[in-house]
Structure formats: C-alpha cells, structure tokens
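Listed below are the residues making up each chain.
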Amino acid sequence: MTSTFQTLDLLSRYHRANDRTARERAIEQNLPLVKALARRFSRSPDQTEDLVQDGAIGLINAVDRFDTARGDDLGAYAVPTIVGELRRHQARRILTASAGAVAFDEEMSGVAVADGALGRSETRLALRGAFRGLTRREREVVALRFYRDLTQQRVAEELGLSQAQVSRTLSTALAKLRSSLVEP
C-alpha cells in the first residue's frame, strides 16, 4: 500500500515536471480504489470490468486535476469523480437501451416482427415502466444530463437549481431506475 506522502510526491513530479511515469504510477497505485467502487456498483462479474474501465477514467481525471498545494489525499479527492463516471456508465446503459426501444418502435412501424423483436419490446416496456416511476423533474434532469450530455452544473443552470440539488435528483432517479429494472 502506498502512503499519501508517496502519492503526493508522484503527483508533484507529474504536475511540476510533467513526469508521465509518475502520473502512471499514481494511477496504478490507486486502481484498487476504482476496483472496490466498481464492485459496489456492479451486478455481475462481467459488468465489473466495464465499470473498472469507466471508473479509471474518473481516476485519471482526478489525477490530472489534483492540486498538490492543498496536500489532500488523492483517494478522498478522486472518489466523487470515480463515482460520477460509474453513475454515468449506468445511466448511459439505461439510455442506450431506451434508444434501442425507440429505434425498435420506428423499425416496427408497418414491418413484420423480426427475430429478437420480443426481447427488444420487453426492454421497451421495462424502460417505459421505469421512466414512469420518475417524477417530471427527475426525467428532466436525467434527459439533460445523459441525453444532452450536459454537466451537472449546466443542468443546474438550465433548471435554476443548485448543483447539489441536481446531484441528489440524479442519485434518486438512477436508484429508482436501477431498482425497477432489476430482475425479480
């Protein structure tokens, strides 16, 4: 296990001298944190690997933005960024399935049912039911954040909310979607 001091030294070398090796070592040393968070969000071992990759993006962003002058712990700083990427992954997966349902609707207008259509229609029905469980505000926030790909801050500005309110609304909406899409 690497100490906070060692990590701060690596980050200082990266930010002051653009030492790419120090950056890579800082990222590698903190990958166990990403893996632990990914396991908490995962529903299956197959999904864990995808989540680790997405969480690693959050870690990389945290390493790149970390301010060594503050002297904070990178792990504490990185957790919100990693969790944001993990939530984004789950929401994009839900929206991808939703887009498939819309494409299915368009594809099926006036055309005979093709192989695999039953599965897609079940997905469409599940998503329709899941989205009905959200409040109007939750649907609005999810659409702006993941369909229009706005940051939480931009969503807050568009809706006249605080970034914290947007974050809480997203957390609630994603939890509702997850629980309603989990197989019984």
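Attention here is on the structure that accompanies the text. Please read all numbers here as calculations on a predicted model, not as lab measurements.

### So, the packing of aromatic side chains
At step 1: Across all of its chains, the model carries one aromatic pair by this definition.
At step 2: Their ring planes at 80 degrees and their centres at 5.3 Å tell us that phenylalanine 66 and tyrosine 77 sit as a pair that is edge-to-face. Here phenylalanine 66 is found in the loop between α3 (45-65) and α4 (74-108), whereas its partner tyrosine 77 is found in helix α4, with eleven residues between them in sequence.
At step 3: By relative accessible area, which is 4% here, phenylalanine 66 ends up buried.

### Examining α3
At step 1: With 21 residues, α3 should reach 30 Å at 1.5 Å per residue; the first-to-last C-alpha distance of 30 Å fits that figure.
At step 2: Within the span of α3, buried status applies to Gln47, Thr48, Leu51, Val52, Asp54, Gly55, Ala56, Gly58, Leu59, Ala62 and Val63.

### Things to note about unusual backbone geometry
At step 1: Even without glycine at this site, asparagine 18 takes up a positive phi of about 50 degrees.
At step 2: As for its placement among the helices and strands, asparagine 18 is situated in the loop between α1 (4-17) and α2 (20-41).

### Some remarks on the environment of glutamine 6
At step 1: By the secondary structure assignment, glutamine 6 is in helix α1.
At step 2: For glutamine 6, a relative accessible area of 41% gives the class partly exposed.

### Points about the pattern of salt bridges
At step 1: Within this structure, the stated rule accounts for eight salt bridges.
At step 2: Measuring nitrogen to oxygen at the nearest pair gives 2.8 Å for the salt bridge that ties arginine 23 to aspartate 64. With a gap of 41 residues between them, arginine 23 in helix α2 and aspartate 64 in helix α3 connect regions that are remote in the sequence.
At step 3: Look at arginine 23 and you get buried, because its relative accessible area is 15%.
At step 4: Accessibility expressed as a relative area gives 30% for aspartate 64, which makes it partly exposed.
At step 5: Between glutamate 138 and lysine 176 there is a salt bridge, and its shortest N-O distance comes to 2.9 Å.

Definitions and cut-offs
- Residues numbered from 1 in each chain as written.
- Predicted model: local features only at pLDDT ≥ 70, side-chain atom pairs only at ≥ 80, totals over all residues.
- Heavy atoms only, no water.
- Phe/Tyr/Trp six-rings, centres within 6.5 Å; stacked < 30°, edge-to-face > 60°.
- Helix = DSSP H or I, 4+ residues; strand = E, 2+ residues; numbered from the N terminus.
- Buried < 20%, exposed > 50% of the residue type's maximum accessible area, 1.4 Å probe, protein only.
- Expected span 1.5 Å × (residues − 1).
- Salt bridge = Lys/Arg side-chain N within 4 Å of Asp/Glu carboxyl O.

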